Amino acid sequence: MIAYLHGKVKFLLADSCILDVHGVGYKIFLDVQSRQNLTLDAEAQFFIHTAVADNAINLYGLSDRAAFDLFELLLNVSGIGAKSALAIVSKISPDEFARAVSAQDVKALTRLPGVGKKSAERILLELKDKVQPTTSQASAQIQSSAQDEAEEALEALGYTDAEISAVFKNASPDLSTEQLIKFALKELNRLGR
């Protein structure tokens, strides 16, 4: 099985390239990002998934390791083949995908090509324990939630979005909802609002 290829780009096609590796041309189906970054006669390297079917052996390549890991993870979901996984990876970053799975966000997944509601639910069910947001993603989600709640409270008190946004730019990123509200009220009072 081929797992990695490094060579020179000889031909560029709409969804693939032909990579010359020591005189042998390999046709590799690519994600959008990998394909966009290629130029003729330039060296390139790809993590490769080899898909063996009854009548063909197809190579799927991604230049980014995190995207490749997501691609291979998607192949473990029933009903998702290599072409579908490649299309999904072309439209969402691994970080965004992890956030969507962590939040059980069906809508975010149904925006992806070839993913309907049932497929999205299957992805969430089968990958919920296999995809975890990084620590920075998790803290960003918590902070975003605290800020959203604080914004709602301040809007209920009659403050405008512009005033709230201006004050939150100076807030510490690790404040709780209550601390954000206290900080914002203090700043707004100081500014004479």
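As the structure is a prediction and not an experimental result, all values here were calculated from the model. Residue positions within a chain follow its written sequence, with the count starting from 1. It should be noted that, the model being predicted, local features are given only for residues of pLDDT at least 70 and side-chain atom pairs only at 80 or more, the latter also being counted only at that level, while totals for whole chains, interfaces and linings use all residues. No hydrogens and no water enter the side-chain calculation; it runs on all heavy atoms of the structure.

S.K.: Sorry, what's going on with the packing of helix H4 (residues 94–102) against helix H6 (residues 117–127) here?
M.R.: The description of two helices packed together rests on the angle between their axes and the distance between the axes. Between H4 and H6, the least distance of the axes is 10 Å, while the angle of their chain directions is 90 degrees. Judged by the inter-axis angle, H4 sits roughly perpendicular to H6. Residues Phe-97, Ala-100 and Val-101 of H4 form the contact with H6, whose participating residues are Ile-123, Leu-124 and Leu-127. Residue composition of the contact of H4 with H6, by class: six nonpolar, no polar and no charged. Here, axes are lines fitted to C-alpha atoms. For helices the fit covers the stretch in contact, and angles between N-to-C directions go from 0 to 180 degrees. Going along the chain from the N terminus, every DSSP run of H or I of four or more residues is numbered as a helix, and every run of E of two or more is numbered as a strand. Each angle receives one of four descriptions, namely roughly parallel if under 35 degrees, roughly antiparallel if over 145, roughly perpendicular if within 65 to 115, and oblique otherwise. When checking whether two residues touch, look at their non-hydrogen atoms; a contact exists if any pair is within 4.5 Å. Residues were grouped as follows: Ala, Val, Leu, Ile, Met, Phe, Trp, Tyr, Cys and Pro as nonpolar; Asp, Glu, Lys and Arg as charged; and all remaining residues, including Gly, as polar.

S.K.: Help me understand the pattern of salt bridges, please; the structure alone is not making it clear to me.
M.R.: Any Lys or Arg side-chain nitrogen found within 4 Å of a carboxyl oxygen on Asp or Glu counts as a salt bridge. Overall, the coordinates contain four salt bridges when judged by the stated rule. Residue Asp-41 pairs with Lys-10 through a salt bridge whose shortest N-O separation is 3.7 Å. With Asp-41 in the loop between helix H1 (32–36) and strand S4 (43–52) and Lys-10 in strand S1 (residues 4–12), the pair connects residues that are 31 residues apart, well separated along the chain. The exposure class assigned to Lys-10 is partly exposed, which follows from its relative accessible area of 36%. Close ionic contact of Glu-187 with Arg-190 constitutes a salt bridge, the shortest N to O distance being 2.9 Å. Highlighted residues: Glu-187 and Arg-190, both in helix H9 (residues 177–190), separated by three residues, approximately one helical turn. Note on exposure labels: buried denotes an accessible area under 20% of the residue type's maximum, exposed denotes more than 50%, and partly exposed covers the range between, all computed with a 1.4 Å probe on protein chains only.

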